[in-house]
Amino acid sequence: MRPTLVAIGTSLGGFNALLSVLKALPADLPVPVLIVQHRGPASDGGLVDLLQRYTSLRVVEAEDKTPLVPATVFVAPADYHLLVEELGSLALSTEGPVRSARPSIDVLFETAADAYGPALIGVLLTGASADGAHGLARVKARGGRAIVQDPATAECATMPAAGLAATAVDYILPLERIGDHLVSLVEGTRA
Amino acid sequence: MAFPLKDPRGAADDGLEALELELLLEAVVRHYGYDFRDYARTSIRRRIRNILKAEGLETISALQDRILHDPTAWERFLQGISVSVSAMFRDPHFFRAFRRHAVPVLRTYPFIRIWQAGCSLGEEAYSLAILLQEEGLYDRSLIYATDINEATLRRAREGIYPAELMQKYTQNYIQAGGQRSFSEYYTARYEFALMRPALQQNIVFSQHNLVSDGAFNEFNVVLCRNVMIYFNRPLQERTHTLFHKSLSMFGILGLGSKETIRFLPHEALYEQFEPGEKLYRRIA
């Protein structure tokens with residue numbers, strides 16, 4: 001099945017890693033990209049503006065019940081969980097932090113996996129916590145694909161290493177190859 | 001680092017879980033009168049899975065059996081389903097915008113009626129009382145703070161919060177344009193902080209269910225922040241219709257920072273005070 005949604009999670013060192021991935025994605029990417037980047041509860045939309053400078057995709061901060069559209073990057077707002085609601089729309093939640101994180105990568109991965117199953121690609125990048133590992137296991141359990149940044153190329157290896165320990169992932173890639181790989185997967189030029 | 005490798009839920013269980021969830025919500029509305037059927041499914045499923053874990057149960061059907069026969073389990077269920085986490089002066093910029101745009105309008109009224117819908121543990125109602133007091137408007141204001149959950153309302157009325165939160169709340173208060181010292185508004189004792197009882201003077205905490213209860217008064221302000229994010233689209237629309245009916249002409253509507261009335265038919269009924277702030281004035 002050709003993937004129709006990409007979900008990316010990262011924490012420490014994530015900004016540079018996200019830039020590297022987003023730069024490789026073409027302006028007409030046929031799928032939406034969801035991002036959870038851990039950051040302080042008081043952060044404003046600065047991350048969105050910064051990312052927008054480096055990608056030709058449209059970058060927006062996710063609002064509640066926003067419809068998912070292709071060629072768009074939806075960033076989880078600070079201090080909210082980002083969830084995938086059925087029928088191709090997003091939802092936000094102010095429930096308590098999950099394993100000390102809000103937004104939580106696990107929450108995004110788990111809800112995206114439930115809604116998209118085999119059509120989801122989950123990507124876990126550099127980070128200083130184990131958030132995302134449970135979620136990545138759910139992505140795999142639901143038939144989706146999992147990409148983990150090679151811990152050796154990560155600014156902080158804790159998060160990708162936890163992802164690798166949690167489930168049998170499909171691809172372990174150095175940072176600079178993740179973007180191109182995503183493109184070939186969503187364009188169907190790679191199985 | 002070790003993680004559980006096994007995720008028991010695969011695609012095959014999905015249909016069954018969806019069915020069990022539907023049956024549970026149907027049983028709850030028929031037996032207890034609380035209607036969660038139009039809550040956003042993803043959130044409610046997550047919450048119910050958490051409740052299953054907490055109750056040590058395997059299936060939603062088992063949970064249904066328990067809450068139908070055990071009133072204390074029902075109380076726990078209601079708590080687990082409905083409580084949202086807030087903070088005093090959450091999103092301080094919202095309160096600054098409220099001072100800037102809403103307060104000058106409210107000054108022109110002899111009496112101010114405010115509905116704060118979905119008040120949870122009361123953090124926002126107390127924040128509002130503090131703001132109105134500092135603006136010299138509290139004596140002629142009445143804040144109806146409503147919530148679906150009676151147990152939550154009891155705690156809101158107590159006005160007791162963990163003392164460890166006060167530092168964060170103080171920061172929020174300052175960023176929200178607070179004019180005094182936040183510590184004047186509470187008494188700390190051991191690990192708890194009690195909000196000054198005078199703040200509650202013009203707050204009425206009472207039960208109201210946005211899903212099933214109607215309009216009950218006409219208001220100058222309706223605040224409903226981060227409540228409708230747990231509703232699906234049709235229920236969001238019905239709730240907006242209720243708020244529109246409850247607001248006087250040129251009344252003020254406040255939503256959560258990441259909520260939007262774009263894509264809703266009600267968008268044309270309001271104008272936004274300033275871009276980016278979810279504070280609106282009813283114009284139709």
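Quantities reported herein were computed from a predicted structural model and do not represent experimental measurements. (Residues numbered from 1 in each chain as written. Chains lettered and ligands numbered in written order. Predicted model: local features only at pLDDT ≥ 70, side-chain atom pairs only at ≥ 80, totals over all residues.)

Describe the sheet that holds strand 7 (residues 120–124) of chain A, listing the residues and the values that go with them.
Residue and element names in this part refer to chain A. If you walk across this open sheet you meet the seven strands as 3-4-2-1-7-8-9, and the pairing is parallel. With partners counted over all chains shown, the strands left at the sheet margins are strand 3 (58–61) and strand 9 (171–173), one partner each. Recorded for the sheet is a direction-independent mean angle of 20° between the axes of neighbouring strands. In terms of strand pairing, strand 1 (residues 5–10) meets strand 2 (residues 33–37) through five bridges, oriented parallel. Residue pairing across strands places Val 6 opposite Val 33, the latter belonging to strand 2. Where helix 3 (residues 105–116) meets the sheet, it contacts strand 1, strand 2 and strand 7, and its direction lies at approximately 165° from that of strand 1. (Pairing = 2+ DSSP bridges. Helix = DSSP H or I, 4+ residues; strand = E, 2+ residues; numbered from the N terminus. Axes fitted to C-alpha atoms, helices over the stretch in contact; angles between N-to-C directions. Contact = placed C-beta atoms within 7 Å.)

Talk me through the interface of chain A and chain B; I want residue IDs and the actual numbers.
With 29 residues of chain A at the contact, the number on the chain B side is 20 residues. Among the elements that line the side of chain A that touches chain B, the one with the most residues is helix 4 (residues 133–141) of chain A, at five residues. Among the residues forming the side of chain A that touches chain B, the class breakdown is 13 nonpolar, eight polar and eight charged. (Nonpolar A, V, L, I, M, F, W, Y, C, P; charged D, E, K, R; others polar.)

Quick rundown of the nonpolar core? Include the residues and the values.
Membership of the largest hydrophobic core comes to 119 residues, with the highest contact counts inside it found for Val 6, Ala 7, Leu 82, Leu 108 and Ala 112 of chain A together with Ala 129 and Val 222 of chain B. Ranked by the residues each element gives to this core, the list is headed by helix 3 of chain A, at eight residues. Not counting residues within four places of it along the chain, the set of residues in contact with Val 6 of chain A comprises Val 31, Val 33, Ile 121, Val 123, Leu 182 and Val 186 of chain A. By size, the runner-up hydrophobic cluster in this structure holds 13 residues, among which are Phe 36, Ile 60, Leu 63 and Phe 77 of chain B. (Core = buried A, V, L, I, M, F, W, Y, C linked by C-beta atoms within 7 Å. Buried ≥ 20, exposed ≤ 12 C-beta atoms within 10 Å, placed from the backbone.)

Please provide a residue-by-residue account of the confidence of the model for chain B, values included.
In low-pLDDT segments, the atomic positions of the prediction should not be examined closely. Per-residue pLDDT for chain B has a mean of 93; in total, 95% of the residues score no lower than 70. Predicted confidence is poor over residues 1–9 of chain B, with pLDDT under 50, and the contacts of this stretch with residues over four places away or in other chains come to 16 contacts. (pLDDT = per-residue confidence, 0-100.)

Outline the pairing of strand 10 (residues 279–282) of chain B, supporting the account with residue identities and numerical values.
Here is the key point about a regular strand: its side chains alternate between the two faces of the sheet. All names here are of chain B. Two elements, strand 8 (residues 247–255) and strand 10, share three bridges in a ladder whose sense is antiparallel. Paired with Ile 252 across the two strands is Arg 281, which belongs to strand 10. In terms of strand pairing, strand 9 (residues 270–272) meets strand 10 through three bridges, oriented antiparallel. By the bridge assignment for strand 10, Glu 271 is matched with Arg 281. Between the antiparallel neighbours strand 9 and strand 10 lie six residues, among them Gly 276 with a positive phi of about 90°.

Can you break down the sheet that holds strand 3 (residues 160–162) of chain B residue by residue, with the values?
Residue and element names in this part refer to chain B. Taking strand neighbours across the sheet as the criterion, the three strands line up as 3-5-4 in an open arrangement whose pairing is antiparallel. This sheet does not close on itself; its edge strands, each paired only once, are strand 3 and strand 4 (186–189). Averaged over all neighbouring strand pairs, the angle between strand axes comes to 30°, with direction disregarded. Where strand 4 meets strand 5 (residues 192–195), four bridges bridge the pair, whose relative direction is antiparallel. Within the sheet, the bridge partner assigned to Arg 189 lies in strand 5 and is Phe 192.

Give a description of helix 5 (residues 92–107) of chain B that names residues and reports values.
Residue and element names in this part refer to chain B. For helix 5, spanning 16 residues, the distance from its first C-alpha to its last is 21 Å, which sits close to the expected 22 Å at 1.5 Å a residue. Where helix 5 bends most, at Arg 99, the angle is about 35°. All of the buried residues along helix 5 are Pro 92, Phe 94, Phe 95, Ala 97, Phe 98 and Ala 102. For helix 5, the secondary structure elements touched by its buried residues are helix 6 (123–134), helix 8 (166–175), strand 7 (219–224), strand 8 and strand 10. (Expected span 1.5 Å × (residues − 1). Bend = angle between axes of the 7 residues up to and from the residue.)

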